[in-house]
Amino acid sequence: MTLFRDTFVLARIPIAFPKCLSSFSAYLVTTSADSIFTELFMALRGLSVIEFAGLAPGPFAGLLLAHHGASVIRIDRPSSPNTDVLCAGKRSVVLDLKSPAGIAVARRLIACADVLIDPFRPGVMEKMGLGPKFFHDSEGSVGVNDRLIYARIAGFPPDGPHASMAGHEINYLALSGVLSILPGTRDKPTFPLNLLADFAGGGLMCATGILLALVERCKSGRGQVVDVNMVSGTRYVSSFPLLHATSTSPLLGGPRGSNLLDGGAPFYDVYTCSDGKWMSVGCLEPQFFITFIGVFKNALRINGLKLSWIPTPETRTRKEDWPKLRTFLENGFKTKPRDYWASLFHGLDACVVPVLTPEEAALLDSSRSVRPSPYPYLSKTPPLPRTVARSGMVLEPGLHTQEVLGEFGLSRAEITQLASHGAFGEESKHETTFSCKL
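Residues numbered from 1 in each chain as written. Predicted model: local features only at pLDDT ≥ 70, side-chain atom pairs only at ≥ 80, totals over all residues. Heavy atoms only, no water.

### Here's the deal with helix α7 (residues 169-176)
Among the residues making up α7, those that are buried are Glu169, Tyr172, Leu173 and Ser176. Taken end-on, α7 shows its buried residues confined to a sector of 100°, consistent with a single buried face. Those residues of α7 hidden inside the fold are in contact with α8 (195-220), α9 (230-237) and α10 (239-245). Looking one or two places after α7, you find Gly177, whose phi comes out positive at around 90°. (Buried < 20%, exposed > 50% of the residue type's maximum accessible area, 1.4 Å probe, protein only. Helix = DSSP H or I, 4+ residues; strand = E, 2+ residues; numbered from the N terminus. Arc of directions from axis to C-beta. Contact = heavy atoms within 4.5 Å.)

Listed below in structure tokens is the structure:
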């Protein structure tokens with residue numbers, strides 16, 4: 001178990017030093033005093049997390065915990081390249097989960113952990129003997145780690161007709177009911193990358209569930225299972241649009257593409273400029289619309305554009321005028337480049353700003369990095385220092401195997417014996433010496 005666990009308490013979450021004193025000594029030597037203080041008093045410092053390697057939602061949940069101080073150990077498969085970029089602040093152990101020795105090591109790690117993140121389809125962990133029943137107490141049996149928060153992320157609802165099927169973001173979005181109300185063309189809606197199901201409904205909901213379970217554990221002393229599926233998660237984070245879409249609300253209550261928030265309103269849309277870049281317009285309220293139209297009309301007149309039709313403040317509420325307003329705005333924005341319009345509206349309450357590229361948006365962030373900074377920022381227990389949070393784009397599988405196993409009490413001789421039994425894959429069976437990466 002973690003050394004010095006429960007020595008310090010901040011916000012009722014245990015804070016701990018690194019698991020072995022030798023590691024802590026090295027940590028003190030190589031880390032500045034300010035950085036040590038910041039990392040020792042991060043909100044989730046001392047929390048031990050085992051994350052089985054997976055796709056977007058699981059790694060994002062682990063990333064959020066790592067950014068706020070948790071020790072996140074990712075279990076990778078041997079000889080399997082990993083392109084996951086959501087790895088800052090994590091360490092990697094490689095285990096062959098088809099090997100009894102690999103399963104034994106996984107059990108040992110999980111037995112000492114606070115949180116486990118399971119990204120697999122329902123039943124996979126049970127088949128490996130790593131299901132919740134092995135770790136949690138139940139009637140007539142004592143688990144090996146009843147304090148474990150066992151977080152599971154699935155695609156489809158476990159009790160639904162799609163539970164055993166393969167799927168991706170677009171499928172979960174489709175079954176949630178949300179895709180049908182999103183903007184797009186007249187023929188079909190458009191999906192917003194893999195943001196809604198994978199990250200909002202999946203990874204973020206999983207991290208939220210983990211934190212709720214940790215708060216409850218402070219009361220009961222026991223862990224529990226956190227069940228997340230991306231269809232249900234997407235529905236929940238989309239409560240506002242779903243409730244409006246199933247009512248007579250002017251926001252989303254009409255047919256797709258005819259409402260205020262789904263691209264139907266010309267004053268809530270994106271427009272192309274003369275240089276092919278875009279401006280966002282979101283002046284829903286009358287006072288913002290009046291400011292926008294006034295400035296926009298004046299700019300067109302100054303630049304010599306002949307106006308055959310001129311919108312008024314009342315145009316905002318007259319749906320029959322919306323097609324003319326859209327044409328007016330499309331033609332107007334195309335007369336000048338994006339940065340002209342951005343400069344014109346900057347500082348005004350018109351709800352009009354430029355659409356930035358990732359590189360341009362990074363310049364507005366204090367980090368000046370295209371990699372988003374850890375968030376949210378807590379004043380007393382800030383997240384991972386930016387220098388650590390930005391270290392390395394990908395995490396090499398197995399890079400910390402020997403280091404981590406040593407911290408969990410395994411000697412070099414034991415690690416060598418486990419290797420000979422295939423715990424780390426076939427390649428490691430025949431090796432007689434090891435580096436940190438097995």
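### Quick word on the side chain of Arg338
Topologically, Arg338 is positioned in helix α13 (residues 338-345). Residues in contact with Arg338, not counting those within four places in the same chain, are Cys273, Asp275, Lys277, Trp278, Met279, Pro354, Val355, Leu356 and Glu360.

### Digging into the sheet that holds strand β6 (residues 115-118)
With parallel pairing, 6 strands are arranged side by side in an open sheet as β5-β4-β3-β6-β7-β8. The sheet is open, and its two borders are formed by β5 (90-94) and β8 (225-229), each paired with just one other strand. Geometrically, the sheet is characterised by an average inter-axis angle of 20° between neighbouring strands, direction not taken into account. When strand β3 (residues 48-52) meets strand β4 (residues 71-76), the two strands line up parallel, connected through 5 bridges. Its bridge partner being in β4, Phe52 is matched across the sheet by Ile75. In the packing of α8 onto the sheet, the strands contacted are β6, β7 (149-154) and β8, and the crossing angle to β8 comes to about 165°. (Pairing = 2+ DSSP bridges. Axes fitted to C-alpha atoms, helices over the stretch in contact; angles between N-to-C directions.)

Function-wise, these values are silent; they only describe arrangement.
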